[in-house]
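Observations on the model geometry
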Amino acid sequence: SLQRFAKKRPACTCIAIVILALQILRHLFHWKIKKYGLRALKVIQKREYYRLFTNAIFHNSWQHLTINLGTTFAVGPALENRIGSRNFILITLWSILLTSLLYIPSAYGLSYILHDVNWRKKGVKGFSGVLFHWTYLISQKSRLRSLPFFDGLNIPSHYYPWVSLLIMYLIDPKNQRGTLMHVMGILVGFLHTKGFLRELLPSAPVWKTVKKAEDKDSSENVDQASLREARLRRF
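Below: a short report on this structure.

Next up on the list: the pattern of salt bridges. A complete count under the given rule lists one salt bridge for this structure. Between Arg-51 and Glu-48 there is a salt bridge, and its shortest N-O distance comes to 2.5 Å. Summarising the burial analysis for this pair, Arg-51 and Glu-48 share the class buried.

To continue, consider the nonpolar core. If you look at the biggest cluster of nonpolar residues, it comprises 28 residues, and the most contacted ones within it are Ile-15, Leu-79, Phe-88, Phe-127, Trp-134 and Ile-138. Mapped onto this core, the elements with two or more residues apiece are α2 (10-28), α5 (62-83), α6 (85-113) and α8 (128-141). In terms of residues, this core owes the most to one element, α5, which gives six residues. Discounting chain neighbours no more than four positions away, the residues touching Ile-138 are Val-75, Ala-78, Leu-79 and Leu-147. By size, the runner-up hydrophobic cluster in this structure holds 14 residues, among which are Val-43, Ala-107, Tyr-108 and Val-124.

The next thing to look at is α5. End to end, α5 covers 30 Å across 22 residues, agreeing with the expected 32 Å (1.5 Å per residue, within 8%). A maximum bend of about 35° is found in α5 at Gly-76, where proline Pro-77 lies one to four positions downstream. Gly-84 sits one or two residues past α5 and shows a positive phi near 90°.

Another aspect to go through is the packing of aromatic side chains. Using the criterion set out here, one finds seven aromatic pairs in the structure. Ring geometry for Trp-31 and Phe-58: centres 6.3 Å apart, planes at 70°, overall edge-to-face. Remark: Phe-58 occurs in the loop between α4 (51-57) and α5 and Trp-31 occurs in the loop between α2 and α3 (40-45); sequence separation between them is 27 residues. Taking the relative accessible area as the measure of exposure, Phe-58 reaches 4% and is therefore buried. Seen from their ring centres, Phe-127 and Trp-134 are 5.6 Å apart, and the 80° between their planes marks the pair as edge-to-face. Every member of this aromatic cluster is reached through a ring pair, and the members are Phe-29, Trp-31, Tyr-36 and Phe-58. Here the guanidinium or amino end of Arg-120 rests over the ring plane of Tyr-112, the centre of that ring lying 4.8 Å away.

Here we come to helix α9 (residues 160-171). The terminal C-alpha atoms of α9 lie 16 Å apart, and with 12 residues this matches the ideal 16 Å at 1.5 Å per residue to within 8%. Within α9, the full set of buried residues consists of Tyr-160, Pro-161, Ser-164, Leu-165 and Met-168. Along the axis of α9, the buried positions cluster into a sector of 130°, meaning they face one direction only.

All right, on to a nonpolar patch on the surface then. A cluster of nonpolar side chains, Leu-20, Ile-24, Leu-25, Leu-28, Phe-29 and Trp-62, forms an exposed patch at the surface whose accessible area comes to about 560 Å². With four residues, α2 is the largest single contributor of residues to the nonpolar patch. In this fold, Ile-24 is placed in helix α2. With a relative accessible area of 38%, Ile-24 lands in the partly exposed category.

The description of two packed helices rests on the angle between their axes and on the distance between the axes. Two elements in contact, α6 and α8, have axes whose closest approach is 9 Å; the angle formed by their N-to-C orientations is 125°. With respect to each other, α6 and α8 are oriented oblique. In this structure, α6 meets α8 at a crossing whose hand is right-handed. Between α6 and α8, the residues in contact are Phe-88, Ile-91, Thr-92, Ser-95, Ile-96 and Thr-99 and Gly-129, Val-130, His-133, Trp-134 and Leu-137, respectively. Split by residue class, the contact of α6 with α8 holds six nonpolar, five polar and no charged.

Conventions we followed
Residues numbered from 1 in each chain as written. Predicted model: local features only at pLDDT ≥ 70, side-chain atom pairs only at ≥ 80, totals over all residues. Heavy atoms only, no water. Salt bridge = Lys/Arg side-chain N within 4 Å of Asp/Glu carboxyl O. Buried < 20%, exposed > 50% of the residue type's maximum accessible area, 1.4 Å probe, protein only. Core = buried A, V, L, I, M, F, W, Y, C linked by side-chain atoms within 4.5 Å. Helix = DSSP H or I, 4+ residues; strand = E, 2+ residues; numbered from the N terminus. Contact = heavy atoms within 4.5 Å. Expected span 1.5 Å × (residues − 1). Bend = angle between axes of the 7 residues up to and from the residue. Phe/Tyr/Trp six-rings, centres within 6.5 Å; stacked < 30°, edge-to-face > 60°. Lys NZ or Arg CZ within 6 Å of the ring centre and 35° of its normal. Arc of directions from axis to C-beta. Patch = residues over 30% accessible without salt bridge, like charges linked within 9 Å, V, L, I, M, F, W, Y side chains within 5 Å. Areas by Shrake-Rupley, 256 points an atom, 1.4 Å probe, with all protein chains shown as cover. Axes fitted to C-alpha atoms, helices over the stretch in contact; angles between N-to-C directions. Parallel < 35°, antiparallel > 145°, perpendicular 65-115°, else oblique. Left-handed = near helix turned anticlockwise from the far one by under 90°. Nonpolar A, V, L, I, M, F, W, Y, C, P; charged D, E, K, R; others polar.

Read these as geometric descriptors, not functional statements.
Okay, structure coming up:
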C-alpha cells in the first residue's frame, strides 16, 4: 500500500512530496520559473547563490516533473533501503550543491569553446543531476542485476547511468544544458564512489552497510526458500 511504501522509504517519499508541492505552488501563484533555474552568469556576476539549490526542485513542465518523479521512485528506494534515510538525505543535499557547482564552470567552458553565450546565460532546472548521481551509486555498488527505467523496461545496473543518459538525450536532443547536468550527476557519482568526496559524503562505511544489507536480504531469501522447501516435503 501507499502508506506502507511511505513508511519504509520516508526520505524518498518526502523528497517527492516537496518537489510536487513546490510545482503546484508555482502554478497556483504564478511564480516566474526563470528566477529559480541555474544560470551560470547569474550565479557568478549577480551572486544569486540560491540558484545552486532551487534549480533542482523546480521543473519546466508537468511532463518533466512526471519523468523525474518516476525515476525518483524507481531508483531512490533501492538506495535509501541500503544506506538508511539519514545518509540518503545527506547525499541528496550534497548532490544538489555539487552538481550545480560543477555545472557552472562546465557551462562557462562550453560557452567559450562553442562560441555560444546561451550556455552561461540560459538556465537549467530539474532533479535530474541528483537522479544520475543516485543511479551511478546503485550501478557501481549494488549487487542488483538490473534497474527499471520505464514500465517493463529493465536495464543492466552496471550500464544504467550511461544507457539512461543516451535515452534521455535521444528523447530530447535539444535539451543540451539538461544533458550537461546529467553528466555532472554521473561525474559526482564517479568522484563519490572513488572516495574523492569522503570528507563530504558517506563513502566506505555506507557501502559496508550496503553489503551487509544485501547479505542479510540474501540470507533471508535463502531461509525463506528452505522453509518453503521443508513445507513442500511435509506436504
